[in-house]
Structures are given as structure tokens and as C-alpha cells.
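# Fold and geometry: a report
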Amino acid sequence: MNSEHAMLQHRSRAESAACRGLFVIGTLLLLASVVSAQPTEYGSLFERLKPALFTVEVVDRASSNKNAQGSGFLVGPDGLLATNYHVVSEYVLDPERYALKFRGVDNFSGALEVLALDVLHDLALVRIVAESMPGALGEPFELVSTPVREGASLLALGNPYDIGISLVPGTYNGELESQYRKMIHFTGALNPGMSGGPTVNPDGRVVGINVAGAGNSVSFLVPVADLQRLMQAVPASAPAPAELRAGLAEVIIGHQATMIQDLLAGDWTLEPFGPLMIPREIRPWISCTGSSSDSQPEVPWQSSHSNCVLNDRIYLSRSLDTGALEMVFGWYHSDRLNAFQFSRVYEQNSFLPFNRSSDDDVTEFECREDWVGIEALDGEAFKASHCLRAYLDYPGLYDVLYVARAQRAGAEGVHLHYTLAGVGRESAAAFHRKFVGSLQWK
Amino acid sequence: MEVIIEQLGTTNNVLERQKLDAHRVRIGRAFSNDVILNDEHVDAVHAQLEFDGEGRLFIEDLGSVNGIRRPRHKGAVGRSEVISGEVFLIGRSRVRIYAGTHPVAPAVRIRASEMFLLWLGKPQVTIGLVLLYLAAKIVATWLGTIGEFRWSLVIEQNLGEVMLFIALAVGVYFLSVLFRRGGNFLAHISLLVLLFLFSSLLDAALVVALFNAGDAHYPLLRTFDEGRGYLELLIYLWSVLYLAFHLPLGRRSLISAAVVAVVIGVNSLPEDELTRFIERQSFPMEQRFLPPGLLLRDSLSGQEFGKRVEGLFEDLERERHKALESRDEQLSEVNRDDVVAAEELPELNAGPGLPNS
């Protein structure tokens, strides 16, 4: 308490030399800090929470080697733990090869069973199997019930790199706007192994579940509301992993259909790009970057790109993610090359799918390619490649890769490209119609 | 009195045949002789054939350094009667002498294709073709250069090909000299240039066709592309076997067809993993683009193309099942390996890290 005051007093003195506006802000900060006066030392809180924190491990049955490690925390009686789906995914996808284990603070350990999954929000509810149940468990974590203010201090708990249960202080920075699914931006160092652990407020109530870090203390949490929703539907007995997997395709198709519906609603606002009018940040959760080549004398052509993405990936397994979307437009032009030379430049582009996958997850891309007149662009002929690949384990789910290219008179070329990862057939068709139907020449 | 004189190659093949109507025939290296042998072991005036009063033919050494011999005989011939069809070694040249009445096989008819190949050996034809080749190279380099065109680029980009042509022509020339003392170097250069021009034309046609085509026509064009390569190889071999080795039509057709068949056979062996991998990586969209003026057909409407795309779903379902089956096969192999490993290392199954409490 004292040190906090000292710090704030020091800050106030420094600011008094500055202009009045800054002084006012400084006072506000002081007030806010006084209202939510927090302990700077969390020893007793950590002590209290520790027994309800667990290390969750996926173990290769044949070699007894640890395959994945994360964290989990007690959320209900009978040893009900919450963790991330991506911590337990290997077990759910291949229960014959992997076993799911836990370790508590006093080094007691045992087996876990999976009760419910939410792949969209990367959550899983697991339970300590009856035989492995220790005599006494800690008190389950309480979940926060009031909204958290931006800037509030939070404490992340988990087992980074399997070096022991740790506490990481940080700050709540609101919900991300750049993603379709809600996610909390937490400023604090989340490291591998802390996934599935809770992040609590100084009272010890869970605000979010650790899920990912982007480096440099930029980290992300799953809002606790998603966990609450999942906990409302906990089955009494654990379903077989195959049963848990069975409905995943429909869940993803449904989620993606809602997202695409949201994306396609209303008219898109178009912005100029070279000779085209194109959609850019049509929703807050679509983020765009643009780039143009410098006009250097030794490079006799110019190019610009507009690249808009929904980088909202749904984790399915270590080698497969889905849910990403990207729209890319390219414009090439030159006043120094003849049409043949320009073609050589223009044909250099290659287009790759946006999401991560392996041969064991998806089929090869199957493509149709032909000259197509795009009606919205005055019927101008584009060489269109429309490619699809199917997910092996999720029937009805597809990745779509579309590229349409046209070189126009006078050494100019445009390409239109999108990737849709993990969509159903109807969503794919609806998005395609809107994409090619909304473009215009300037 | 008539006499037929044949110069023979190493395999007793006839290199040159002359029929002379004279009482006396002089043989030697000098131009003044009736039969000129280009052989440094032959004297300027080496030997003489002469009919005597009774019509018998005699061969006589005119005091040469290397003499005249009969093959497989050691003794030199000073003056000897010639039996029609006898072979003599004059210096190191093999010469067969027939009496004028000896029936000679009729001359081989030269076909139009062979006339054409010989015509290619005319210097003015070779020069014309080489000029055409240069022009084509300059145009192609200019069209394909992204950035400033320099004349040196024409050389930089095509030197390798020109060297290859020359190396091929020289190599074949030496081979043919080995087998029949003299090849047709210019005809060979002309042939290579002509084949190159032919291949470039087909290539250009193929690029334009691919640019215009949709995926429905890709397999056909790919077959055409492969067939084109085999056709060029066939034409080249067929021509070389005539130009350099003078093989008769039947034999050279048979040999070139056999070689091409072997090449096709090798190429159609089951693909290895690597080739399959490379093929998988290439999307159809990675082909050449051309200026819009070379788009010679109408495009599909959005609906027509959309219908074709709909057809993909059926294909994908089939592909999905195939991929699932092959994955299951692989997995069962891996599992068998696991079982073996577990049997070999039983202590690992009850590792100390994981008490089963």
C-alpha cells in the first residue's frame, strides 16, 4: 500500500509541472487507483488458489512420453476442471494413442475424462475420474459476475513450460475488436503451458481463461461467459471421445454460417483501389493492410495490394486450424513494358491457402478454371480458378480458394482473390456471389 | 574396254563407285589420275590397270612406297592379273575391281524426304535457316525481357542453346566420320535449327491454347505437349540416322521408333513419391499469361462456371474417402510398428513418471 502511494505521489509531483489538462488526468488516475486499491503482494491469494490449480498432460500411451502440457482449474465439485480444448485435443482426436492425466500441487496425479467441448471458444470441461480422486480438493474457483473495467489488474495462473504453478500479474485491456469471436486482451506474459489456466481479479474470481500469447506481453483470454455457457450443459457421465468429435463439423459450419451471414448483410461500402472499387474494412473485425511497390527506375512496373483478413482462427488440432478469411486484391501496371513483357510480370503471382493444414487433415485442392465474364465488372473476362478442398474428419466442411485474373489493354492487370477456411457449401456459395457481385470499376 | 572400280569402307561398304571406259586406268593421290584416292599412304601415281591384247586385265605397281597387296596376303603385288571382283589394298585404301560386264546393283532411289535432308546441307540453306533462327531469338528475347532490352541479352540467354547445337552437330559429325568417312555437318546444323523453329511454333501454339483453355481441356493439351516432344525426338533421330549413317529407310524408321518407344516407356513408369509431391504442389493457375488480344474465345457466364464448380463437391467427396482410406492404411502400419516397439521395450510401458493411482 505504501509503495503504491509513493509511486503515485511521485507521479503527481512530476505532472504538476506539466499543463493543467495533464494534471487533471493524473488526478483521475490517482482517484481510480484509490478506489480499487489493490495489494501488491499476492502471497495469501496465491496460497488460497493453488490447491485448485492443476497441470493437464496428454501422454503417449506407448512410450509414456508427455506429448502436450497445459493448465486447468477446478470449477465445480467432483473434480470438474476447466481447460482449453487445444490442451486436450490430441486425446480427444486419438484416445487410443493418448491418455489424459493431471497433476496437482502436492504432486498427486491421475487420469481425466472429457465431459464437454467448445472448439469455437477453445474450451473443454474435464473431470478427475473417480478412481483418481484425491481425498481433498481445493475450493473451486468462483467466476466473476460483474463487468471488469479496462485497466484493471489481473493475475494469470498456470504452469509455464512445466516449471511449476506460477502467478503472472497483468492488465485487463478490454475485448478485442479485431476478432469475430469475443476475446479479452490481457497485457501480461502468458507462456506455453499456461493455456487453460485461469486469469483472476485480485479477489480471486475468474475473469478469463488463458488461451494465447502474441509475444511481448500481448496475451489473450477466453471470456468467462463462454465457460459459464459450457458449464450449463455438463453431462452427468463422460461421453466417448468419438461422441464428442461427432458434432464438431456441424458446430463449425453453423458458426461460420452465422459469421458469413453477418459479413454479407447489407451493402458493402467500397473504396477505390486502382481501376476497381473494392471492399476493405467492411466490419470492425476485418483488418486490412495495403502495400505498394516503390517506383524504382530499375523496376519497370508498379504493383499495389490490398489484403484484408479475419484472422480469427479456430484451433482443431496441432496441424489444422480453420475459420480464417482473407480478401486480396492486386493491381499491376506499367508504362514502360509492352503487353508481352507485362504478361511475364503478371504471371509471377502465386496464391496459397491461408490456413494451416497437413495431408492428413484435408484433401488436395480440386479446381475448376476457365474464362468467366464477371457481370458486376461489365462482363469483363477473367481467368478464374475456383478451388475447394474437403476436411477429412469434418464432413461438409471445406476450404475455398478463389483467384480471378485479368490482364487488360495497356499493360495493366488486376487480380481478385479470396480464401475462406472452414465453411459449409451454402456459406461458400453465398460469399462467392457477394464477393464477385459487389465489385465495380471505378 | 570397261572397268568398274569401287572404294570400300572398313566394313566393305561401298563409298564410291566409278565406271571407266579406257584401255589404261591410273590410280593415285594426284589430281591427274583417273581414280583419286585421298589416302596419305597412296603415292601421287601409285598403280595402273591395263588391258592386254586378249582383253585380260592386269594391275601393276608403278614403284610406289607402300605397294599393292591383296587382303590377308603378305606379299606385295608387282604385276598381276585381276580376277573380276578381286579386292586390293592400295596404300591403306581398299579397292574392288570388276570387269565392265559385271552386273551392278541399281542405284538407290533417293526419296523426297532424303532429298530434303541433303538440300539442308547446302550452305545457302544453312545460312538462311541460321539467320531465321537469329531473328526468332531476337524477337523472343525482346518480347520476354522485363526491363531494358540489350543486344547482349540475346547472346546471354541463348548462348547455351547454340553451344548445345554445335556440340551435337560436331559429335554426330565425328561419329559419322568414324563410320563412313565424312558426315554432313551443315545439314545437321540446319536440321537442328529447323527442329528448333518447328518446336518453337508448336510451343507458341500450345501456350496460346493453354491461355485460352479451361481446365476441361488441360489433359488434352498436356497429352499434346508430351506427344510434341516425342515427335521431335523421332524426327531428329530419323534424320540423323540418314545424314550421318546413311541407314536405309526401313532400318532408320525402326531404330528411331524403338528409341522413342523406350523413352515413352521410361516416362510412363509409375511415378515416385517425389514426382507426385511436385505435381500436387502445382495449382492450375500457375501457367503462362498472355496479352488480352490473344484471348480468342468467349468467356463463360458466372452461372455456367458456377455449375461447373458445383461439380467439385462430388469429386471432393470421392477424394475424401480415398484419402481417409489411405490414411487408415498408414495408421495401421504405424500401429504395427508401435506394437513391435512396445514389445522390445517393455520397461517403457510402466515408466516411473506416471503412477497409475
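Criteria and thresholds
- Residues numbered from 1 in each chain as written.
- Chains lettered and ligands numbered in written order.
- Predicted model: local features only at pLDDT ≥ 70, side-chain atom pairs only at ≥ 80, totals over all residues.
- Helix = DSSP H or I, 4+ residues; strand = E, 2+ residues; numbered from the N terminus.
- Contact = placed C-beta atoms within 7 Å.
- Buried ≥ 20, exposed ≤ 12 C-beta atoms within 10 Å, placed from the backbone.
- Pairing = 2+ DSSP bridges.
- Axes fitted to C-alpha atoms, helices over the stretch in contact; angles between N-to-C directions.
- Core = buried A, V, L, I, M, F, W, Y, C linked by C-beta atoms within 7 Å.
- Domains from an automatic or database assignment.
- Parallel < 35°, antiparallel > 145°, perpendicular 65-115°, else oblique.
- Left-handed = near helix turned anticlockwise from the far one by under 90°.
- Nonpolar A, V, L, I, M, F, W, Y, C, P; charged D, E, K, R; others polar.
- pLDDT = per-residue confidence, 0-100.

Glancing now at the overall build of chain B. A tally of regular secondary structure across chain B gives eight helices and 10 strands. In chain B, the share of contacts with a sequence separation of at least 24, taken over all contacts with a separation of at least 6, comes to 47%.

When you go through chain A residue by residue, the secondary structure sums to nine helices and 25 strands. Principal-axis analysis of the C-alpha atoms places the extent of chain A at approximately 80 × 70 × 40 Å. Burial status across chain A gives 43% buried among its 442 residues. Across chain A, every contact between residues at least 6 apart in sequence was considered, and the portion connecting residues at least 24 apart equals 61%.

What follows concerns the sheet that holds strand β23 (residues 398–408) of chain A. Residues and elements named next belong to chain A. If you trace the seven strands from one edge of the open sheet to the other, you get β16-β17-β20-β24-β23-β22-β21, paired in antiparallel fashion. Taken across any chain shown, the strands that pair with only one partner, and hence form the sheet edges, are β16 (287–292) and β21 (366–374). Each strand axis lies, on average, 15° off the axis of its neighbour in the sheet, ignoring direction. Where helix α9 (residues 425–438) meets the sheet, its contacts fall on β21, β23 and β24 (412–423), and the angle it forms with β24 comes to roughly 160°.

Before going further, it helps to examine the nonpolar core. Of all hydrophobic cores here, the largest spans 120 residues; its most connected members are F73(A), V88(A), V114(A) and V126(A). Counting residues per element, this core draws most heavily on β23(A), at seven residues. When residues of this core are sorted by domain, at least three fall in each of domain 2 (39–238) and domain 3 (250–441) of chain A. Ignoring sequence-local partners within four residues, the contact set of F73(A) consists of A52(A), L53(A), F54(A), L81(A), A82(A), F141(A), G197(A) and P198(A). Counting 19 residues, the second-largest nonpolar core is a separate cluster that includes Y133(B), A187(B), W238(B) and Y242(B).

Take the pairing of strand β4 (residues 98–103) of chain A next. Residues and elements named next belong to chain A. Relative to β4, strand β1 (residues 53–60) runs antiparallel, the two sharing six bridges. Each bridged residue has a counterpart across the sheet, and for E57 the counterpart in β4 is K101. Pairing geometry for β4 and strand β5 (residues 109–118), over three bridges, is antiparallel. Of the residues in β5, the one forming a bridge with R103 is S109. What sits between β4 and β5 in their antiparallel hairpin is a turn of five residues, with N107 showing a positive phi close to 65°.

All names here are of chain A. Relative to the helices and strands, Y42 resides in the loop between α2 (20–35) and α3 (43–49). Each C-alpha atom of the pair Y42 and Q302 lies 58 Å from the other, and the pair is 260 residues apart in sequence. Filtering out sequence-adjacent residues up to four positions away, Y42 remains in contact with L155 and L167.

This brings us to the environment of L175(B). All names here are of chain B. Mapping L175 onto the fold places it in helix α3 (residues 151–180). A count of 14 C-beta atoms within 10 Å places L175 in the partly exposed class. Distance in space between the C-alpha atoms of L175 and R297 is 50 Å, their sequence separation being 122 residues.

Let us look at the sheet that holds strand β14 (residues 270–273) of chain A. Read across the open sheet, the three strands follow the order β14-β15-β25 (chain A); overall the sheet is antiparallel. Each edge of the sheet is formed by a strand with only one pairing partner; in this case those strands are β14 and β25 (440–441) of chain A.

Moving on, we come to the pairing of strand β1 (residues 2–8) of chain B. Residue and element names in this part refer to chain B. Here β1 runs beside strand β2 (residues 14–21); their pairing, made up of seven bridges, is antiparallel. From the neighbouring strand, E6 faces β2, where its bridge partner is R17. The turn linking β1 back onto β2 is made up of five residues, and N12 within it adopts a positive phi angle of 65°. Here β1 runs beside strand β10 (residues 93–99); their pairing, made up of six bridges, is antiparallel. Looking at the pairing, V3 lines up with A99 of β10.

This part is about the interface of chain A and chain B. Every contact between the two is made by 49 residues of chain A and, on the other side, 45 residues of chain B. Of all the secondary structure elements, the ones that give two or more residues to the side of chain A that touches chain B are β5, α8 (339–346), β21, β22 (380–390), β23 and α9 of chain A. Ranked by residues supplied to the side of chain A that touches chain B, first place goes to β21(A) with nine residues.

To continue, consider the packing of helix α7 (residues 248–264) of chain A against α9(A). Residue and element names in this part refer to chain A. Two numbers describe how α7 lies on α9: the axes approach to 10 Å, and their chain directions differ by 15°. In terms of their interaxial angle, α7 and α9 are classed as roughly parallel. You can see that α7 and α9 cross each other, and the crossing is left-handed. Of the residues in α9, those touching α7 at Q256, A257, I260 and L264 are E426, S427, A430, F431 and K434. Residues of the contact of α7 with α9, tallied by class, amount to five nonpolar, two polar and two charged.

Attention shifts here to unusual backbone geometry. In this model, N216(A) sits at a positive phi of 50°, which is unusual for a non-glycine residue. Phi at R72(B) takes a positive value of approximately 65°, unusual for a residue other than glycine. The topology assignment puts R72(B) in the loop between β7 (68–69) and β8 (79–81). Here R72(B) falls in the exposed class, since 7 other C-beta atoms lie within 10 Å of it.

Residues and elements named next belong to chain B. Relative to each other, helix α2 (residues 123–144) and helix α4 (residues 185–212) sit at 35°, their axes nearing to 9 Å. As α2 runs across α4, the sense of the crossing is left-handed. Of α4, the residues touching α2 (which contributes P123, V125, T126, L129, V130, L132, Y133 and A136) are L186, I189, S190, V193, L194, F196, L197 and S200.

Residue and element names in this part refer to chain B. With respect to the helices and strands, F116 occurs in helix α1 (residues 112–120). With 13 C-beta atoms counted inside 10 Å, the residue F116 sits in the partly exposed group. For the pair formed by F116 and S299, sequence separation is 183 residues and the distance between their alpha carbons is 44 Å.

This part covers the confidence of the model for chain B. Residues and elements named next belong to chain B. With 86% of its residues at a pLDDT of 70 or more, chain B shows a mean pLDDT of 83. Helix α6 (residues 249–267) holds the highest mean pLDDT among the elements of chain B, 93, whereas helix α7 (residues 273–281) holds the lowest, 55. Between residues 339–357, whose pLDDT stays under 50, and residues either more than four places distant or in other chains, the model counts 15 contacts.

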